[in-house]
Amino acid sequence: MKHTTCPTCKGTDLEDFFTIRNAPVHSIATMKSYEEAIKVPRKDIELTFCNRCGLVFNSAFDTSIDHFSQGYEDQQGFSPTFVKFITGVTERFIEKYDIRNKQVVEIGCGKGDFINLISRLGNNKGVGIDPAYVPGRGEQNPDVHFIRELYSDSHGELQPDCITCRHTLEHIHDTSGFIGIIRSSIKDAKPILFFEVPCIVRILEIQAFWDIFYEHCTYLSPGSIARLFRLNDFEVLDMHLEYDNQYLFIEAKPVGSRSDRIHPLEEPIEELRAKTKLFSEKVNAELAEWRDRLCRFKEEGKRVVVWGGGSKCVGFLTQFDELGVIEHVVDINPHMQGNYIPGIGKQYVDPEFLETYRPDVIIVMNSVYMDEIQESLSDRRLHPQMLGL
Ligand SMILES: [Zn+2]
């Protein structure tokens, strides 16, 4: 299957610039056994650039795979670093648009951590919409309700003052179809939209190949997300990059006719295209360097573990698992422990496991957590070599 038109602008002037062969199609799905984990199908990722709107997407993405309705683990709230970050971002957003005593809808709410947070901080009434919502895993707030469905036109009846959607759009192939449904669901109310996605600009600039995995079929930049929103009759109010430039936030409102308001963070299409070229020139050297490093560890008989499960870890191990260097993956989310990594088959272990395993090298999947991890290791009197992505 090959998509030959851009999901955002329907343009056909597309250029492939990077391919990953045989990537596991799931990365955060919960796998209860080794057999189940290694049975996960593998498919190719072909990153493609749209010369018309700047969208980067997997043009080989199989839209028939159901990534939404099965169980998955994506809670980040077990890390104090993350909780501090998301609380700060949410407080600033509430302040900026006076989201207090309002009705807030979250599309793709996961376990409900964020809809609970924004409802609590702003004394709001919240509705979380997600087909994979699991009751009883988040805090209990009588003002927060959940609907186990995919977002559709009928949810406009909720008449929200604010629609949030975090780390969901990058899982959706039909970008304009999705943003279009949100626009058409909005009738009389004028909600503020608050969306968060990973930013492709950083991935391209530092050749962050571990941030490319099958579940993410859409890779947005400030320019391409702003164009997507404008094309679907939203006006961009603001955009900002957070978390070491990894996450891109966009704030927007519905408008009656096409907005021509451009945000200063938007990059020209040509500039992003140049970054895709540079990425494809440099990424193979980056991959080779990691391969050499891991082979050296193996020759030296070093015990190497990965810290940080989830998608980045699947993205990283897709490239290097066959080397047989990494035996264990650590994650602090207690709900992941015991589960097996989709496609890879390794079992998640908790940090305590390292006290007996005594690793020589730890590869940290997100350097933002380096201090937090160092502290946890020092408490266990462990001082391995640390490498951060
Ligand atoms: Zn396009």
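Look above for the structure.
Residues numbered from 1 in each chain as written. Predicted model: local features only at pLDDT ≥ 70, side-chain atom pairs only at ≥ 80, totals over all residues. Heavy atoms only, no water.

**Details of the coordination of the zinc ion**
Here is step 1: Here the zinc ion is held by the protein donor atoms Cys6 (SG), Cys9 (SG), Cys50 (SG) and Cys53 (SG), which lie 2.3 Å from it.
Here is step 2: If you look at the zinc ion, its 4 donor atoms make angles of 101 to 116° with each other, and the shape they trace is tetrahedral.
Here is step 3: Expressed as a motif, the donor residue spacing for the zinc ion is C-x2-C-x40-C-x2-C. In terms of burial, cysteine 50 and cysteine 53 fall into one category: buried. (Donors = N, O, S within 2.8 Å, 3.2 Å for Na, K, Ca; no water. Tetrahedral: all angles 85-135°; square planar, octahedral: opposite > 155°, others 65-115°. Buried < 20%, exposed > 50% of the residue type's maximum accessible area, 1.4 Å probe, protein only.)

**Some details on helix 2 (residues 80-97)**
Here is step 1: In this model helix 2 runs 26 Å from its N-terminal to its C-terminal C-alpha over 18 residues, within 8% of the 26 Å that 1.5 Å per residue would give.
Here is step 2: Turning to helix 2, its buried residues number three or more, namely Phe82, Phe85, Ile86, Gly88, Val89, Thr90, Phe93, Ile94 and Tyr97.
Here is step 3: If you follow the buried residues of helix 2, they end up packed against helix 3 (113-122), strand 7 (162-166), strand 8 (192-198), strand 10 (234-242) and strand 11 (247-254).
Here is step 4: The distance from a side-chain oxygen at the start of helix 2 to the backbone nitrogen of threonine 81 is 3.2 Å, and the residue carrying that oxygen is serine 79.
Here is step 5: Following helix 2 by one or two positions, aspartate 98 adopts a phi angle in the positive range, close to 50°. (Helix = DSSP H or I, 4+ residues; strand = E, 2+ residues; numbered from the N terminus. Expected span 1.5 Å × (residues − 1). Contact = heavy atoms within 4.5 Å. Polar contact = N/O pair within 3.5 Å; in protein donor to acceptor, adjacent residues only side chain to side chain.)

**Re the packing of aromatic side chains**
Here is step 1: By the definition in use, this model includes 23 aromatic pairs.
Here is step 2: Consider the rings of phenylalanine 229 and phenylalanine 234, whose centres lie 5.8 Å apart with planes at 55°: the pair is tilted.
Here is step 3: Take phenylalanine 229: its relative accessible area is 0%, and that puts it in the buried class.
Here is step 4: Linked through ring pairs, Phe82, Phe85, Phe93, Tyr97, Phe114, Phe194, Tyr243, Tyr247, Phe249 and Tyr369 together constitute an aromatic cluster.
Here is step 5: The ring centre of phenylalanine 234 lies 5.9 Å from the NZ or CZ of arginine 183, which sits over that ring.
Here is step 6: The lysine or arginine in question, arginine 293, covers the ring of tryptophan 290, its NZ or CZ lying 4.4 Å from the ring centre. (Phe/Tyr/Trp six-rings, centres within 6.5 Å; stacked < 30°, edge-to-face > 60°. Lys NZ or Arg CZ within 6 Å of the ring centre and 35° of its normal.)

**A closer look at the pairing of strand 4 (residues 103-107)**
Here is step 1: A large share of strand 4 lies buried, amounting to 5 of its 5 residues.
Here is step 2: Along strand 4, one buried face is formed by Gln103, Val105 and Ile107 and the opposite face, lined by Val104 and Glu106, is buried too.
Here is step 3: Note that strand 4 and strand 7 share 3 bridges and pair parallel. Residue pairing in the sheet places valine 105 in a bridge with isoleucine 163 of strand 7. (Pairing = 2+ DSSP bridges.)

**A short note on the sheet that holds strand 14 (residues 348-349)**
Here is step 1: Across the sheet, which stays open at both edges, the 5 strands sit in the order 14-13-12-15-16 with parallel pairing between neighbours. Edge strands, defined here as strands with exactly one partner in the open sheet, are strand 14 and strand 16 (385-388).
Here is step 2: Looking at chain direction, strand 12 (residues 304-307) and strand 15 (residues 361-364) are connected through 4 bridges and run parallel. Residue pairing in the sheet places valine 306 in a bridge with isoleucine 363 of strand 15.
Here is step 3: Its contacts with the sheet place helix 7 (residues 269-299) against strand 12, strand 13 (326-330), strand 15 and strand 16, and it is angled at close to 160° to strand 16.
Here is step 4: In this fold helix 8 (residues 311-320) packs onto strand 12, strand 13 and strand 15, with an angle of close to 170° to the strand it touches most, strand 13. (Axes fitted to C-alpha atoms, helices over the stretch in contact; angles between N-to-C directions.)

**Brief notes about the environment of proline 41**
Here is step 1: Tracing the backbone through its elements, the reader meets proline 41 in the loop between helix 1 (34-38) and strand 2 (42-50).
Here is step 2: Note: C-alpha distance between proline 41 and glutamate 91 (50 residues apart in sequence) is 41 Å.
Here is step 3: Those residues in contact with proline 41, other than ones at most four positions away along the chain, are Ala23, Pro24 and Val25.

**Considerations on the sheet that holds strand 1 (residues 14-24)**
Here is step 1: Ordered by their spatial adjacency, 4 strands build an open sheet running 1-2-3-9, and the pairing between neighbours is antiparallel. The open sheet terminates on both sides in strands that have one partner only, identified here as strand 1 and strand 9 (218-219).
Here is step 2: As paired elements, strand 3 (residues 56-58) and strand 9 share 2 bridges and run antiparallel to each other. By the bridge assignment for strand 9, phenylalanine 57 is matched with threonine 218.

**Details of the pattern of salt bridges**
Here is step 1: What the rule picks out here adds up to 27 salt bridges.
Here is step 2: Residue glutamate 289 is joined to arginine 293 by a salt bridge in which the shortest nitrogen-to-oxygen separation is 3.4 Å. Separated by 4 residues within a single helix, glutamate 289 and arginine 293 lie in helix 7, roughly one turn from each other.
Here is step 3: Of the charged contacts in the structure, one is a salt bridge between glutamate 300 and lysine 302, with a shortest N-O distance of 3.2 Å.
Here is step 4: Taking relative accessible area as the criterion, lysine 302 reaches 30% and is therefore assigned partly exposed. (Salt bridge = Lys/Arg side-chain N within 4 Å of Asp/Glu carboxyl O.)

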